[in-house]
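Listed below are the residues making up each chain.
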Amino acid sequence: MGRPRTNNAAVRERLVVCATEMLARGPRESVTVRAVAAAADASTTAVYSLFGGKDGLIGAVRDRAVDSLFQDLAAVSTSEDPLADIYALAIAYRRWGCGHSHLYTVLFGGAQSFEPSGAVGTRDPIRPLIAAIDRAVAESLLAGEATSIALSLWVTLHGLVTLELAGALDAPTAEAAFRSASHAALRGWTTPAVFSRLRDAELAH
């Protein structure tokens, strides 16, 4: 039986899923239109008619990863404590990364070049974090520029999630490392009074 020629939503979904899996396993150069089409049980013409070619398909994969991460972070409830909200966003980021390993690898794992989106858009995954940081700075809980704070927190979280996905950390170690590293990274940006309060609370536990 030949491959289905109908270029509908189901074919599009299969192509995106297969391209995601292939990008998560190897470099962009190894992902060809023919290979993705064969894996998705579709025709090569479907890739061109639905996405305009390989670049469009890879763009669709990245868009899915960005949108999925944004949805999970945007779903985190906002409280009266912006520091607690930042930590809740860190938890959500780790949960998304571990639950969507292929998308995470495509977006951040080096399978393809990561291209930051530049200015923060309305559906940029960093938007909820920047908003929480801005609140914390306005309330004199954090001291620094919001983008710099966000970047340092992301570097910490990315390292932790990457090691966890690679199997370098067992579950108890990963959990302990996440708590201690996340708190330490955040505490480093706090104002002196808040730093002392947080440090005392952590030592008490």
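Quick caveat: nothing in here was measured; it's all calculated off a predicted structure.

**Student:** Could you clarify how one ought to interpret the confidence of the model for the chain in this entry?
**Tutor:** Detailed reading of the predicted coordinates is not advisable wherever pLDDT is low. In the predicted model, the chain carries a mean pLDDT of 87, and 87% of its residues have values of at least 70. Predicted confidence in the chain is weakest over helix α10 (residues 192–204), with a mean pLDDT of 76, and strongest over helix α5 (residues 82–99), with 96.

**Student:** What's the story with the pattern of salt bridges in this structure? I'm lost.
**Tutor:** When the charged atoms of two side chains lie near each other, side chains of opposite charge can form a pair. Following the criterion strictly, the structure yields 5 salt bridges and no others. A salt bridge links Glu 13 to Arg 64, with the nearest nitrogen and oxygen atoms 2.7 Å apart. With Glu 13 in helix α1 (residues 9–25) and Arg 64 in helix α4 (residues 54–74), this residue pair connects regions lying 51 residues apart in the sequence. Here Glu 13 falls in the partly exposed class, since its relative accessible area comes to 35%. With relative accessibility at 32%, the residue Arg 64 sits in the partly exposed group. In this structure, Glu 175 and Arg 179 form a salt bridge, with 3.6 Å as the shortest nitrogen-oxygen distance. Pair noted here: Glu 175 and Arg 179 are both in helix α9 (residues 171–187), with a separation of 4 residues, about one helical turn.

**Student:** Would you mind going over the environment of Asp 134 with me for this structure?
**Tutor:** Following the sequence through the fold, Asp 134 ends up in helix α7 (residues 127–138). Owing to a relative accessible area of 40%, Asp 134 belongs among the partly exposed residues under this scheme. With 11 residues separating them along the chain, Asp 134 and Glu 145 place their C-alpha atoms 8.7 Å apart.

**Student:** How should unusual backbone geometry be read in this particular structure?
**Tutor:** Non-glycine residue Asp 41 carries a positive phi angle of around 55°. Relative to the elements of secondary structure, Asp 41 occurs in the loop between α2 (33–39) and α3 (44–51). Within the chain, Ser 140 stands out as a residue other than glycine whose phi angle is a positive 60°. The topology assignment puts Ser 140 in the loop between α7 and α8 (146–165). Residue Ser 140 is classed as partly exposed on the basis of its relative accessible area, which comes to 47%.

**Student:** Please clarify how the packing of aromatic side chains should be interpreted in this entry.
**Tutor:** The description of an aromatic ring pair uses the distance of the two centres, along with the angle that the planes make with each other. The final tally for this structure, using the stated rule, is 6 aromatic pairs. Between Tyr 87 and Phe 178, the aromatic rings sit 5.7 Å apart at their centres with planes inclined by 35°, giving tilted as the arrangement. With a gap of 91 residues between them, Tyr 87 in helix α5 and Phe 178 in helix α9 connect regions that are remote in the sequence. Measuring from centroid to centroid gives 6.2 Å for Trp 96 and Tyr 104, while their planes differ by 55°, and the two rings are tilted. Pair check on accessibility: Trp 96 and Tyr 104 agree, each one buried. Members of the aromatic cluster, connected to one another through ring pairs, are Tyr 93, Trp 96, Tyr 104, Phe 108 and Trp 154. Just above the ring of Phe 178 sits the side chain of Arg 94; from NZ or CZ to the centre is 5.0 Å.

**Student:** I would appreciate a short explanation of α8 in the present structure.
**Tutor:** Since the α-helix advances by 3.6 residues per turn, residues separated by three or four positions end up pointing in the same direction. Over its 20 residues, α8 extends 28 Å from the first C-alpha to the last, a length consistent with the 28 Å expected when each residue adds 1.5 Å. Residues of α8 that are buried sit in contact with α5, α6 (101–108), α7 and α9. For α8, the N-terminal cap is Glu 145; the gap from its side-chain oxygen to the backbone nitrogen of Thr 147 is 3.1 Å. Phi turns positive one or two residues past the end of α8, at Gly 167, with a value near 80°.

**Student:** Just checking my understanding: could you explain the environment of Thr 173 for this structure?
**Tutor:** Note on placement: Thr 173 falls in helix α9. A polar side-chain atom of Thr 173 sits 2.7 Å from a polar atom in the side chain of Asp 170.

**Student:** I keep staring at the nonpolar core and nothing clicks. Help me out?
**Tutor:** It is characteristic of soluble globular proteins that their nonpolar side chains tend to be buried jointly. Membership of the largest hydrophobic core comes to 34 residues, with the highest contact counts inside it found for Leu 83, Ile 86, Tyr 93, Ile 133, Leu 142 and Leu 153. Sorting the residues of this core by element identifies α4, α5, α6, α7, α8 and α9 as the ones contributing at least two each. The leading source of residues in this core is α5, at 8 residues. The residues touching Leu 153, leaving out its near neighbours within four places in the chain, are Ile 86, Leu 129, Ile 133, Ala 185 and Leu 186. Counting 22 residues, the second largest nonpolar core, distinct from the first, contains Val 33, Val 36, Ala 37 and Leu 57.

What counts as what
Residues numbered from 1 in each chain as written. Predicted model: local features only at pLDDT ≥ 70, side-chain atom pairs only at ≥ 80, totals over all residues. Heavy atoms only, no water. pLDDT = per-residue confidence, 0-100. Helix = DSSP H or I, 4+ residues; strand = E, 2+ residues; numbered from the N terminus. Salt bridge = Lys/Arg side-chain N within 4 Å of Asp/Glu carboxyl O. Buried < 20%, exposed > 50% of the residue type's maximum accessible area, 1.4 Å probe, protein only. Phe/Tyr/Trp six-rings, centres within 6.5 Å; stacked < 30°, edge-to-face > 60°. Lys NZ or Arg CZ within 6 Å of the ring centre and 35° of its normal. Expected span 1.5 Å × (residues − 1). Contact = heavy atoms within 4.5 Å. Polar contact = N/O pair within 3.5 Å; in protein donor to acceptor, adjacent residues only side chain to side chain. Core = buried A, V, L, I, M, F, W, Y, C linked by side-chain atoms within 4.5 Å.

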